[in-house]
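Spelled out from the first residue to the last, the chains are:
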Amino acid sequence: MTEASESLKTTPLHSLHLELKGKMVPFAGYDMPVQYPLGILKEHQHTRAKAGLFDVSHMGQVRLTGEDPAAALESLVPGDIKGLARGRMRYTLFLNEQGGILDDLMVTNAGDHLFLVVNAARKDHDVAHMRERLKGKAEVELLDDLALMALQGPEAAAVLGRFIPEAATMKFMSYLPATFNGIPVVITRSGYTGEDGYEISCDKSDAETIARALLAEDEVEAIGLGARDSLRLEAGLCLYGHDIDETTTPVEAGLEWALSKRRREEGGFPGYDIIKDQLANGAPRRRVGLQPGGRQPAREHTDVCDADGHKIGEVTSGGFGPTASAPVAMGYVDRAHAAVGTPVQLMVRGKPLAAKVAAMPFVPQRYYRG
């Protein structure tokens, strides 16, 4: 594909993807690069070894303002937003009345407003949800004039530090307004790969200039959606619509760490009673890592069975982990079979494949900095 389909949206970096000979595919309503000539495997390995640049401009960037936007947002999410210090960010979840996950998102205290980043496929839903539920409490603005890039990998700090010296000393999960070669940007230190890294938000008219400057650095390569998926899978990170959705609760998904202590005690968010009960008594199923035996991967929707062949769950994400040098997967199994080391069978192409419940992540985490 050389041009975007008329039905697909494009990001501000679309022409650059084409110039770099990106293989373009539809994703969340956008024409996006799944890989470049380097290939998914080498893009994955490059990000683990040096630094990869990802176009994530399809994601939703939102400004929340009002008299007390933190208190307003807490009516929709279980995170401690009121206790979030200025310049700090937090992962949290939009929930429904059954405790199901409507989306996962990042929230930053930017001082005079909250800055939110939501998933591309859910941004229209999320904005409508907030505008309906927070009417009269907060103003919700979708920032369509902004682009977003992610620079990920062990060399990311050194690279970005050449343009923004203070970036190298940022703490994990922090936010900083800055300039990149004189261009106003906002950077955050977090990621979706299991590596150190940053997100760079800028005006869409400046995105290509910044991207080209970063790609000119020896350590940096353009990375597509294919490697983004394999990197996050090795890191044990959820993909909305696959590993979490409206039918999964944070407890089932193993995301209890996103339920702030004060909010667990006080409640005041959708699905609180259900989540409180699951925290106390356990959820009926759990998201777990799965380690297939041999070299054959188990893909999404593969049945997970116990040793006697009875179905106990399903794979939600799976593939080959280049860094792990083995197939890796995650999915949901009945609580009784969720302990690490439990032997299971994965029904791959109608045949049982021996596997075991495994701890996640599948590779060492190197980006947590407190």
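What you are looking at is a predicted structure, and each value in this text was computed from that prediction instead of being measured. (Residues numbered from 1 in each chain as written. Predicted model: local features only at pLDDT ≥ 70, side-chain atom pairs only at ≥ 80, totals over all residues. Heavy atoms only, no water.)

Can you lay out the environment of glycine 236 for me, pointing to particular residues and giving the numbers?
Tracing the backbone shows glycine 236 in the loop between α7 (225-234) and α8 (261-266). For the pair formed by glycine 236 and methionine 360, sequence separation is 124 residues and the distance between their alpha carbons is 5.4 Å. Setting aside residues no more than four positions away along its own chain, glycine 236 makes contact with Arg287, Met330, Met360 and Pro361. (Helix = DSSP H or I, 4+ residues; strand = E, 2+ residues; numbered from the N terminus. Contact = heavy atoms within 4.5 Å.)

Quick rundown of a negative patch on the surface? Include the residues and the values.
The grouping of Asp124, Asp144, Asp145 and Asp203 at the surface amounts to a negative patch. You can see aspartate 145 is positioned in the loop between β8 (139-142) and β9 (146-152). (Patch = residues over 30% accessible without salt bridge, like charges linked within 9 Å, V, L, I, M, F, W, Y side chains within 5 Å. Areas by Shrake-Rupley, 256 points an atom, 1.4 Å probe, with all protein chains shown as cover. Salt bridge = Lys/Arg side-chain N within 4 Å of Asp/Glu carboxyl O. Lys, Arg positive; Asp, Glu negative; His and termini not counted. Charge placed at Lys NZ, Arg CZ, Asp CG, Glu CD.)

Can you lay out unusual backbone geometry for me, pointing to particular residues and giving the numbers?
Residue methionine 360 is joined to proline 361 through a cis peptide bond whose omega torsion reads 0°. Mapped onto the secondary structure, proline 361 falls in the segment after β19 (351-358). Of note, the phi angle at alanine 28 is positive, near 55°, even though the residue is not glycine. On the secondary structure map, alanine 28 appears in the loop between β1 (23-27) and β2 (30-35).

Describe the UniProt feature "domain: GCVT N-terminal" (unreviewed entry) in the protein, with residues and values.
According to UniProt, the "domain: GCVT N-terminal" (unreviewed entry) feature falls on residues 13-261. Along residues 13-261 the backbone is 24% helical and 31% strand, and the end-to-end C-alpha distance reaches 41 Å. (UniProt positions renumbered as here; feature names shortened; annotations may be inferred.)

Explain the packing of aromatic side chains to me, and be specific about the residues and the numbers.
All chains considered together, the criterion is met by four aromatic pairs. Taking 6.5 Å as the distance between ring centres and 50° as the angle between the ring planes, the aromatic pair formed by phenylalanine 115 and tyrosine 175 counts as tilted. Placement of phenylalanine 115 in strand β7 (residues 114-118) and of tyrosine 175 in strand β10 (residues 175-180) is noted, with a sequence separation of 60 residues between them. Considered together, phenylalanine 115 and tyrosine 175 belong to a single accessibility category, that of buried residues. Taking 4.4 Å as the distance between ring centres and 10° as the angle between the ring planes, the aromatic pair formed by phenylalanine 163 and phenylalanine 180 counts as stacked. With phenylalanine 163 in helix α5 (residues 156-163) and phenylalanine 180 in strand β10, the pair connects residues that are 17 residues apart, well separated along the chain. (Phe/Tyr/Trp six-rings, centres within 6.5 Å; stacked < 30°, edge-to-face > 60°. Buried < 20%, exposed > 50% of the residue type's maximum accessible area, 1.4 Å probe, protein only.)

I'd like to hear about the UniProt feature "domain: Aminomethyltransferase C-terminal" (unreviewed entry) in the protein, residue by residue, with values.
Mapped onto the present numbering, the UniProt feature "domain: Aminomethyltransferase C-terminal" (unreviewed entry) falls on residues 285-363. Annotated as residues 285-363, this span is 0% helix and 57% strand, and its ends, taken at the C-alpha atoms, are 24 Å apart.

Residue-level account of the sheet that holds strand β14 (residues 285-292), with values.
Here six strands make up a closed barrel; going around it, the order is β14-β17-β16-β15-β18-β19 and the pairing antiparallel. Across the sheet, the axes of successive neighbouring strands diverge by a mean angle of 40°, strand direction being ignored. Bridge analysis of strand β15 (residues 303-305) against strand β16 (residues 311-321) gives three bridges, and the strand direction is antiparallel. Each bridged residue has a counterpart across the sheet, and for aspartate 303 the counterpart in β16 is glutamate 314. Contacting β16 and β17 (326-334), α7 runs over the sheet at an angle of about 125° to β16. (Pairing = 2+ DSSP bridges. Axes fitted to C-alpha atoms, helices over the stretch in contact; angles between N-to-C directions.)

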